[in-house]
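Each chain, letter by letter, is given below.
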Amino acid sequence: MNIKMICVGAMTLSMLAGSALAAADKGTSALDDPAKMQPFYTDSSMKKMRSSDEFTKAWKALTPEDQKMMMTACDDEAKDANAANSHPEFCSSVKANGGSK
């Protein structure tokens, strides 16, 4: 009886952990975080990009970890190019202006 309870408990724990990990994998990219993206846009709807100089200044204000996350997200978006990609202008600006520190 104890072995049965231990096995059922272990199976339940593994299923819960698996579900939590699967949900974490579906998270949004750094490009979908409004707090990180707002400095690069002039409007609250984040449709109009800032000038090249302002973009570079905002890029340099980011932490190196945030820069790396954004560059990785842009690279991932470029690899999986399709109509659903919503940041082509931002990613091209990252590569042109901010990609080099």
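In this text the structure is predicted, and so the values were computed from the model without any measurement.

I keep staring at the overall build of the protein chain and nothing clicks. Help me out?
Within the protein chain, the secondary structure is distributed over five helices and zero strands. The order of α-helices and β-strands along the protein chain, N terminus first, is α-α-α-α-α. A total of 101 residues make up the protein chain; the buried ones form 24% of that total. Considering only contacts in the protein chain between residues 6 or more positions apart, those separated by 24 or more positions represent 47%. Carbon and sulfur atoms form 60% of the exposed surface of the protein chain, whose accessible area is close to 7200 Å².

Would you take a moment to explain helix H3 (residues 52-61) for this structure?
An α-helical segment advances 3.6 residues per turn. Residues three or four places apart therefore align on the same side. Listed in full, the buried residues belonging to H3 are Phe55, Thr56, Ala58 and Trp59. The arc that holds every buried residue of H3, seen down its axis, measures 165 degrees, which confines them to one face. Facing away from the buried side of H3 by more than 90 degrees, the exposed set consists of Asp53, Lys57, Lys60 and Ala61.

Whenever I open this one, the pattern of salt bridges confuses me. Can you help?
Pairing between side chains of opposite charge can happen when their charged atoms approach one another. Counting across every chain of the model gives three salt bridges. Of the charged contacts in the structure, one is a salt bridge between aspartate 33 and lysine 36, with a shortest N-O distance of 3.2 Å. Accessibility expressed as a relative area gives 25% for aspartate 33, which makes it partly exposed. Two residues, lysine 36 and aspartate 66, come together in a salt bridge whose shortest N-O distance is 3.9 Å. Of this pair, lysine 36 sits in helix H2 (residues 34-37) while aspartate 66 sits in helix H4 (residues 64-79), and the two are 30 residues apart along the sequence. With a relative accessible area of 18%, aspartate 66 lands in the buried category. Sharing partners across several salt bridges, the network here consists of Asp33, Lys36 and Asp66.

Help me out: how do you make sense of H4 in this one?
Between its first and last C-alpha, H4 extends 22 Å over 16 residues, near the 22 Å set by a 1.5 Å rise per residue. When H4 is considered as a whole, its buried residues turn out to be Asp66, Gln67, Met70, Ala73, Cys74 and Glu77. Looking straight down H4, one finds that the buried residues subtend no more than 130 degrees of arc, so they occupy a single side. Turned more than 90 degrees from where H4 packs its buried face, Pro64, Glu65, Lys68 and Lys79 sit exposed.

Thresholds applied
- Residues numbered from 1 in each chain as written.
- Predicted model: local features only at pLDDT ≥ 70, side-chain atom pairs only at ≥ 80, totals over all residues.
- Heavy atoms only, no water.
- Helix = DSSP H or I, 4+ residues; strand = E, 2+ residues; numbered from the N terminus.
- Buried < 20%, exposed > 50% of the residue type's maximum accessible area, 1.4 Å probe, protein only.
- Contact = heavy atoms within 4.5 Å.
- Areas by Shrake-Rupley, 256 points an atom, 1.4 Å probe, with all protein chains shown as cover.
- Arc of directions from axis to C-beta.
- Salt bridge = Lys/Arg side-chain N within 4 Å of Asp/Glu carboxyl O.
- Expected span 1.5 Å × (residues − 1).

On their own, these measurements won't tell you what the molecule is for.
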